[in-house]
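# Summary of structural features
Residues per chain, in single letters:
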Amino acid sequence: MIHKISLAALLHDSGKIAYRADNTHINHSVLGKDLLEKYCTDKDILQAIAYHHRKALVKARIAENHIAYIIYEADNIAAGVDRREETDGEYGFDKYNPLESIFNQLNGKCSENEKCYHRLRGLDQNEKINYGIPIWQQNIKAAKDKYEELFSYMENNLKRLAAENSKDGFISVEPAQLLKIIENICSYMPSSTKISQACDVSLYDHVKLTAAIANSMYLYFADNNIDDYKKACFSEQNKIYRQKNMFLLISGDMSGIQDFIYTISSAGALKSLRGRSFYLDMVLEYIVDEILEELELNRCNLIYTGGGHFYLLAPNTQNVKDKLRQLKNKCNEWFLRKTGTSLYLEMGYQECSAINFMVPENNRDVNDDYEQIGEIFRILSNKLSQQKLCRYNQEQLSTMFDPISDINRTRDGSRECGICHTSSVDKLDEFHGKHDGNTKACDLCNKLYDFGKKIISDKNIFAVVESDDGLPLPSWDGHAYSLLSMDNNELLKFYNGSNIKRLYTKNSAETGTLLATNLWVGDYITHNLQQKNSKDGKTADFEYLAEQSRGIKRLGVLRADVDRLGQTFATAFRDGKGTHYLTLSRMAALSRQMSMFFKKYINYICAGHIEGENEQEKPIFSLWDDKKQARKLVIVYSGGDDVFVVGAWDEVLEFAVDLYQSLQRFTNGKITISAGMAMLEHNYPISQMADIAGQMESIAKDSGRNRITLLDTQEKMKTNGNEKEQIVHCYEWQTFINKVAGEKLQFLTKYFSFNTEQTNADKTPIGKGHLTIGKGQLYKLVEFIRRKINVSDQDQNTPKRMNIVRFIYWLARLEPDKKNETAYADYQEVRGKLYEWLTKDDLQDSRQLLTAVLLVIYGIRNKNDGGR
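Our subject in this report is the structure included herewith. (Residues numbered from 1 in each chain as written. Predicted model: local features only at pLDDT ≥ 70, side-chain atom pairs only at ≥ 80, totals over all residues. Heavy atoms only, no water.)

Now for the overall build of the protein. Summing up its helical and strand segments, the protein has 29 helices and 24 strands in all. Taking all 868 residues of the protein together, the buried fraction comes to 59%. Of all intrachain contacts in the protein linking residues separated by at least 6 positions in sequence, the fraction that spans at least 24 positions is 68%. For the protein, the accessible surface area stands at approximately 35,800 Å², while carbon and sulfur atoms represent 45% of it. (Helix = DSSP H or I, 4+ residues; strand = E, 2+ residues; numbered from the N terminus. Buried < 20%, exposed > 50% of the residue type's maximum accessible area, 1.4 Å probe, protein only. Contact = heavy atoms within 4.5 Å. Areas by Shrake-Rupley, 256 points an atom, 1.4 Å probe, with all protein chains shown as cover.)

In structure tokens form, the structure reads like this:
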């Protein structure tokens, strides 16, 4: 029955697409039923679609236990309002209203002039970011011809499903398969076009949540022997049931991800990193699907997954609670056997009711004891934090303290894996990523390296199979399951006699019977053109990426994280009264949009496509004003809110600005990000790379967030008697963009010509001016600035004093022959501006200039210049 309820809920508003694609005035419930009866023969589903609004349901001659009552109530709860006042004539609607940005209502309602709207399109139709368009810029509409195109796409898919399931009119189609089709069609289609409402929840998000609620309600009713759905969902007792804790909001968090990913050697580092990070993504997705299957639910009940976290909606039954406890224990027992204490899964739940999910009714007593959905998320987060303080049960602890248990027994203490450094394995083989005969690796590290190399392909299919040939997956049914990466041809071969349990795809809108879902993955890579025909693949390694830098050969290592995301979810969508827009539907839509940005659109940003839908190509950010396209970098990991990127140092820094600016535009300025960008030798230990960049990111957050830290974290300054030291090269994003790069760096490259050997034959010189200056003179300028802004070694409260006479002498040495009028005019500009910046009492211009000068020095240094 869950299967049937899921399909009915997912299809209940299909008539809206037909209504908006045609000039008819027929009610969308009738249109939906008329559409679906061509392809579906199941009477219950068709009636649930036809009767999902009150007026039709009142007249319906159906049994009290018909699923139409559950779909009706789930529809109302998912929408967050009771729709009983709506009329069949669609009065008060504008069918061509576009989808509002979900960020319009975030952290305070936007004014009408600040609102942004999305263009109507399919999810995977092109490689441009579907930003919200400000209404002052363009008053867009969801065009009828676009609805016609999407409606045609939907009909073609319905025909295909019916043909593939001809015996029963596609009733056997998996909800996950239908869910992906609806996501592709309805992601930028508003659920409601009612003029009096904020139309900021997509039709996809609405029907998916309707299915999640309906599934949970049905299982709750079944567990409590409730079979009169009309009484529970449609009578006056409906208000009582809305206040019952019928639901569980479940949260999962996988700890130890960073240690598992980054604690490896430098050999084959990039492929190993990618293999490890994506493997953990797959492990989490697999665990989610296993939990849903055990709870008799499906992907409709998944609210969010990403970044090591997930949220599920389930019925509040003792059976669910018992299974969650059992599954958590079995999963952690598996982690202990396979990874020791490196990885750990914590799960918790919070009981909640329908009124927790919805906008509070106007007549509700302000003293009523209930929590809004943001508070439910906060309570649940605190529960998980408390539970993590006592991770393991008594049996697991006994095993951990038993010296001869499987997780403690050292099988060969004299030899350890050269990649992960474990010595608790039976066999070590030559590492697949470094054929020197000296590097030995365990089976898991070799498989992770091979996996990282193979997932470069755009055509990956990931199969969960009952075998131990691939990467191991958690198991609690006595069978061994593993993960294999393959293409379509390999998949066809595997179907012969192989037990495939579940399939996943990456970055492709495909559907299929065994397909659990398509995963949007930030997987952008740079190809090593020098090894195009290499047997080892085309992916650039760290050394190649460092060589692509302008100037000095350094690897840029970027770690970035969304600011206060947890707090955002806890306090989101409050108006002046603190309540009006706070619904589970909006929370789910917000989660999905953040995930889409960091898992899908980030690939476009890396490739140099920052323009939006229907926009001409826009130039990406450049330190040196040269035209660029695809960035020379690699995404190691990009989760729901966390990014780790490596590449040519200057390109990584430029990408960080593109990422910030694109996120600002995507979220209507409501979400900020903090980042740390380290410049390191390519053969630096991976764990230290991650740690240093992570420390720099933490400095950005500790300094006030919405910042980037770069270059050197040791340089500190004090300004205006401020007691707290300030990191010199840590800036608010707009300060770095406008003042450091836009003013100081542009000033230097405009007026100076840098006298140095140019080792970047394929790059244009960065100095366009008429004043010649060498590296030695630039280092002298750095010395002057540092003496002015750096705190004294002897007295931390006193800045060092710059020798103004020596500085003036240095300026005088730059003076060209007055006969060269152009150069002399440049000199006059340089002398005046540098003197102004360096003699101000306010040190901000001086420190911005220091950062800009250092960027120039790095940009003109020879590739192998190890000196200063």
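With 12 residues, helix 8 (residues 175-186) should reach 16 Å at 1.5 Å per residue; the first-to-last C-alpha distance of 16 Å fits that figure. The buried fraction of helix 8 is high, at 12 of 12 residues. Three or more residues of helix 8 are buried, namely Pro175, Ala176, Gln177, Leu178, Leu179, Lys180, Ile181, Ile182, Glu183, Asn184, Ile185 and Cys186. Considering only its buried residues, helix 8 is in contact with helix 1 (2-11), helix 2 (14-21), helix 7 (144-164), helix 9 (203-223), strand 14 (515-519) and helix 22 (584-606). (Expected span 1.5 Å × (residues − 1).)

Read from one edge of the open sheet, four strands run 5-6-4-7, paired in antiparallel fashion. At either margin of the open sheet sits one strand with a lone partner, and together these are strand 5 (302-306) and strand 7 (344-352). Each strand of the sheet is rotated relative to its neighbour by a mean of 20°, with strand direction disregarded. Judged from the seven bridges that link them, strand 4 (residues 247-255) and strand 6 (residues 309-315) form a sheet pairing that is antiparallel. By the bridge assignment, Ile250 is partnered in strand 6 with Leu312. Across the sheet, helix 14 (residues 318-339) touches strand 4, strand 6 and strand 7, and the angle it forms with strand 7 is around 170°. (Pairing = 2+ DSSP bridges. Axes fitted to C-alpha atoms, helices over the stretch in contact; angles between N-to-C directions.)

Right, let's get into a nonpolar patch on the surface. Together, Ile804, Val805, Ile808 and Tyr835 make up a nonpolar patch on the protein surface, roughly 350 Å² of accessible area in all. Its place among the elements puts Tyr835 in helix 28 (residues 821-839). On the basis of relative accessible area, Tyr835 is assigned to the partly exposed category, the value being 39%. (Patch = residues over 30% accessible without salt bridge, like charges linked within 9 Å, V, L, I, M, F, W, Y side chains within 5 Å. Salt bridge = Lys/Arg side-chain N within 4 Å of Asp/Glu carboxyl O.)

The description of an aromatic ring pair uses the distance of the two centres, along with the angle that the planes make with each other. In total, this model carries 31 aromatic pairs according to the counting rule given. Ring centres of Tyr731 and Phe736 lie 6.5 Å apart, and the angle between their planes is 40°; on these two criteria the pair is classed as tilted. Here the aromatic rings of Phe752 and Phe754 are separated by 6.2 Å at their centres, their planes lie at 35°, and the arrangement is tilted. Assigned by exposure class, Phe752 and Phe754 land together as buried. Ring pairs connect the aromatic residues Phe103, Phe597, Phe598, Tyr601, Tyr604 and Phe666, which therefore count as one cluster. Taking the ring centre of Tyr481 as reference, the NZ or CZ of Lys501 above it sits at 4.5 Å. When the ring centre of Trp520 is taken as reference, the NZ or CZ atom of Lys600 above it lies at 4.0 Å. (Phe/Tyr/Trp six-rings, centres within 6.5 Å; stacked < 30°, edge-to-face > 60°. Lys NZ or Arg CZ within 6 Å of the ring centre and 35° of its normal.)

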